[in-house]
Amino acid sequence: MVDGDAGEVSRRLGPGWYPDPFGEAPLRWWDGTKWEAAVSGNPPAAPNVYYASERRPLPQETPVSTPWVWLVVLLPLASTLVSLVTIGDLTRSLTEFAARGAANPAGANLAMLTSPGYLLSSILGWVVFALSIVFSWLDYRALDRRGVDRPFHWAWSFLAWPVYTIGRAVIVRRVAGGRGMGVLWATIAVVVVTIAAGVAATLILTSVLLQTIHQLPGAGA
C-alpha cells in the first residue's frame, strides 16, 4: 500500500479511482482513508452486485415460454365452452322443475341438480381448477430450472389461475428484458371471454327462471 497524506480534499473523497497524486499513473485507487498501490489507466469494471430485493437478469437466449403456462391460460376455455353447450339441458331442467315442482318439490330440486348438463359443468369446473394448479407447478419448476430468479410461486393458483399467470408475467418481464408478456395479454383475453360467456349464460338462465316462476301454480294469483 502507498501511505501518505492526500490532503484535506482527499480525505473527504469516497472510495474510487482518482488522478494519481504521485504522478506514477493516470489513476490510483483511494480506499476512503489512504491511497492504495493499485494504479490503472482505466478503472476495472465493477462486479455485478444484486441486492436481496432485486432479481438476477435472465440471459436473452433463455426461453421464457412453457407449454404448461399456456395450458393454464387456455384450459378454462374448455369449461366455458361446455357450460355454453350444456345450457340447453339446464333450461330444460328448469322447465321440468316448473312442471313437477308443485307436486314434488324435493324431487324437482334433485332432478335439476342431477341433470347431465349441471353435473358435467360442475365436475369439469373442478377438474380445470385442479389441473390449473398442477400445470402452474410444472411451469414454476420449468422456470426455476431455466434459471429464473425466484419465479412467481405456483401456490397462488389456489386463489385463481389468473393470479398465477399475471404474477408470472410480471416477474418474467422484469428478469427477461420485457419478454413473456404474451401470457398476460392471453390471460386478459380469456378472462374477458369467460366473463362475457358467463353474463350471457346468466341472462338466458334468468329469463328461463322467470318464466318458470310464472308457470308455478298460484304465481298469477
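A short tour of the structure in this document, coming up. Worth saying up front: this structure is predicted, and the values here are computed from it rather than measured. (Residues numbered from 1 in each chain as written. Predicted model: local features only at pLDDT ≥ 70, side-chain atom pairs only at ≥ 80, totals over all residues. Heavy atoms only, no water.)

## Let's talk about the nonpolar core
In terms of nonpolar packing, the biggest core is built from nine residues, these being Val 69, Val 72, Val 73, Phe 135, Leu 138, Trp 161, Val 183, Ala 186 and Val 190. Where this core is concerned, the elements lending two or more residues are α2 (67–85), α5 (116–145) and α7 (182–215). With sequence-adjacent residues up to four places away left out, Val 72 is seen in contact with Ser 132, Phe 135, Ser 136, Trp 161 and Thr 165. The next biggest cluster of nonpolar side chains, apart from the first, holds seven residues, and it includes Val 64, Leu 143, Val 172 and Ala 176. (Core = buried A, V, L, I, M, F, W, Y, C linked by side-chain atoms within 4.5 Å. Buried < 20%, exposed > 50% of the residue type's maximum accessible area, 1.4 Å probe, protein only. Helix = DSSP H or I, 4+ residues; strand = E, 2+ residues; numbered from the N terminus. Contact = heavy atoms within 4.5 Å.)

## As for the sheet that holds strand β1 (residues 16–19)
One open sheet holds the three strands; their spatial order is β1-β2-β3, and the pairing between them is antiparallel. Pairing within the sheet leaves two strands with one partner each, and these edge strands are β1 and β3 (35–40). Along the sheet, successive strands turn relative to each other by an average axial angle of 40°, direction set aside. Where β1 lies against strand β2 (residues 27–30), four bridges are found, and the strand directions are antiparallel. Bridging from a neighbouring strand, Gly 16 pairs with Trp 30 of β2. (Pairing = 2+ DSSP bridges. Axes fitted to C-alpha atoms, helices over the stretch in contact; angles between N-to-C directions.)

## Section: the pairing of β3
With three bridges joining them, β2 and β3 adopt antiparallel strand pairing. Considered in β3, the bridge of Leu 27 is made with Ser 40. The turn joining β2 and β3, which pair antiparallel and follow one another in sequence, is formed by four residues; a positive phi near 105° is taken by Gly 32.

## Some thoughts on the layout of surface pockets
One number sums up the size of the largest pocket: a volume of about 300 Å³. As for the largest pocket, its lining consists of 17 residues, and the residues nearest its centre are Pro 76, Ser 79, Thr 80, Ser 83 and Thr 194. Mapped by element, the contributors of at least two residues to the lining of the largest pocket are α2, α5 and α7. Per element, the largest residue contribution to the lining of the largest pocket is five residues, and it comes from α2. (1 Å grid on protein atoms, 1.4 Å probe; cavity = no way out; pocket = protein on both sides within 12 Å on 5 of 7 lines; lining within 4 Å. Points joined across faces, edges and corners; volume = space filled by probe spheres on them.)

## Digging into helix α6 (residues 161–175)
Owing to its 3.6 residues per turn, the α-helix aligns residues three or four sequence positions apart on the same side. Along its 15 residues, α6 runs 22 Å from first to last C-alpha, staying within 8% of the 21 Å computed at 1.5 Å per residue. By the burial criterion, the buried members of α6 are Trp 161, Pro 162, Tyr 164, Thr 165, Gly 167, Arg 168, Ala 169, Ile 171, Val 172 and Val 175. A positive phi of about 65° marks Gly 177, the residue just after α6. (Expected span 1.5 Å × (residues − 1).)

All we've got here are geometric facts, nothing functional implied.
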